[in-house]
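Examination of the molecular architecture
The lines below spell out each chain.
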Amino acid sequence: MAIKNVVSVMAPPDPHFVGDGFRVHNFIPQGSRTGMYRMDPFIMLDYNSAHYFEPSATPRGVGVHPHRGFETVTIAYKGSVAHHDSSGGGGVIREGDVQWMTAASGVLHKEYHEEQFSKEGGWFQMVQLWVNLPAKDKMSAPKYQSITKDQIPRVPLPDGNGEVAVIAGSYMDSKGAADTFTPVHLYNTFLHKGGRADFSFPVSYNTALLVVEGSIVVNDAETVATDHFVLFGNAGEDFHITASEDAVVLIMSGEPIKENIVAHGPFVMNNQQEILQAFDDYNQGKFGYLEDQV
Ligand code: MN
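Conventions adopted
- Residues numbered from 1 in each chain as written.
- Predicted model: local features only at pLDDT ≥ 70, side-chain atom pairs only at ≥ 80, totals over all residues.
- Heavy atoms only, no water.
- Donors = N, O, S within 2.8 Å, 3.2 Å for Na, K, Ca; no water.
- Buried < 20%, exposed > 50% of the residue type's maximum accessible area, 1.4 Å probe, protein only.
- Salt bridge = Lys/Arg side-chain N within 4 Å of Asp/Glu carboxyl O.
- Core = buried A, V, L, I, M, F, W, Y, C linked by side-chain atoms within 4.5 Å.
- Helix = DSSP H or I, 4+ residues; strand = E, 2+ residues; numbered from the N terminus.
- Pairing = 2+ DSSP bridges.
- Axes fitted to C-alpha atoms, helices over the stretch in contact; angles between N-to-C directions.

1. Regarding the coordination of the manganese ion
At this site the manganese ion is bound by His-65 (NE2), His-67 (NE2), His-109 (NE2) and Glu-111 (OE), with donor distances of 2.1 to 2.4 Å. The sequence motif formed by the donor residues of the manganese ion is H-x1-H-x41-H-x1-E. His-65 gets classed as buried once you look at its relative accessible area, which sits at 16%.

2. Comments concerning the pattern of salt bridges
Under the criterion given, the structure shown has 7 salt bridges. With a shortest N-O distance of 2.7 Å, Glu-163 and Arg-154 are connected by a salt bridge. The structure contains a network of salt bridges with shared partners spanning Arg-68, Asp-281 and Lys-286.

3. Some words on the nonpolar core
Counting 31 residues, the largest nonpolar core has Leu-45, Trp-100, Leu-186, Phe-229 and Met-252 as its most contacted members. Leu-191, Ile-216, Val-224 and Val-230 belong to the second largest nonpolar core, which has 24 residues in total.

4. A closer look at unusual backbone geometry
Of note, the amide linkage connecting Ile-28 to Pro-29 takes the cis form, showing an omega dihedral of 5°. Relative to the helices and strands, Pro-29 is located in the loop between strand 3 (22-28) and strand 4 (42-53). The amide bond that connects Asp-40 to the next residue, Pro-41, takes the cis arrangement and shows omega of 15°. Inspection of the secondary structure assignment puts Pro-41 in the loop between strand 3 and strand 4. At Ala-104, a position not held by glycine, the phi torsion is positive, near 45°. At Asn-219, a residue that is not glycine, the phi angle is positive and equals roughly 50°. Considering the arrangement of structural elements, one finds Asn-219 in the loop between strand 20 (216-218) and strand 21 (222-224).

5. Things to note about the sheet that holds strand 3
Strand order in the open sheet made by the 7 strands is 2-3-4-11-6-9-12, with antiparallel pairing throughout. Each edge of the open sheet carries a strand with a single partner, namely strand 2 (16-18) and strand 12 (143-147). Neighbour-to-neighbour, the strand axes of the sheet open up by a mean angle of 25°, direction not taken into account. Across 3 bridges, the pairing between strand 3 and strand 4 is antiparallel. Of the residues in strand 4, the one forming a bridge with His-25 is Tyr-47.

In structure tokens:
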């Protein structure tokens, strides 16, 4: 099998705030430079690099907003986020946990720093990844997969050099914790200094990684520092990473859906008519109702 080539190693773009609680670098679609298609089915990746939030009596975050047509995947590395939605659901995403929310036909929700975390302040580090849905599933029923740290299978690497936590898809013979609509592999890789992990994905899959902690070398050639993002080409299947120091690396690879994408803010559909419909449905209250307070 051929080596999967590195197309670019991207430094984190200047951060911006989402609401007042998420200080994020946008790597997809901004960093991938060719819009939402380049990393299809991954259409957005916002990365809140490690950031210290001072204590606050009022939790910081994002108020009530809708989503339709895709899934939001929240991966917590540091700190914790509370989530509430218009169906009465809610929960807390803590360090090591993943929330895989299928917005599909539509949800209304709000995302805030968890109350106790807000009061005490602390380090906060998260990824929010948007995974597109194929046209046939965009209007299916919304659902949540609240995946706690201990529910995520961890595959030990040879020689005790670390482990691969399989959030979705599969690694070696271990199946990931999350169900997905299209083939998606999503892993957190934990490596000790000097440790190595090998990966193999089909040529056609769009593949990238994000160094969340530490630093690595990809294919014995590209040095990648903390908070940097690596975009792989669609040539070759195999790559490996070695840790220059203890490292945490988010790996993503997915089969492109290859359908038309029309996105407007929190709605990602296949055509303009469906976007207008989403606004209509939202304005008519079809996404439900949710108090804007925390
Ligand atoms: Mn949201």
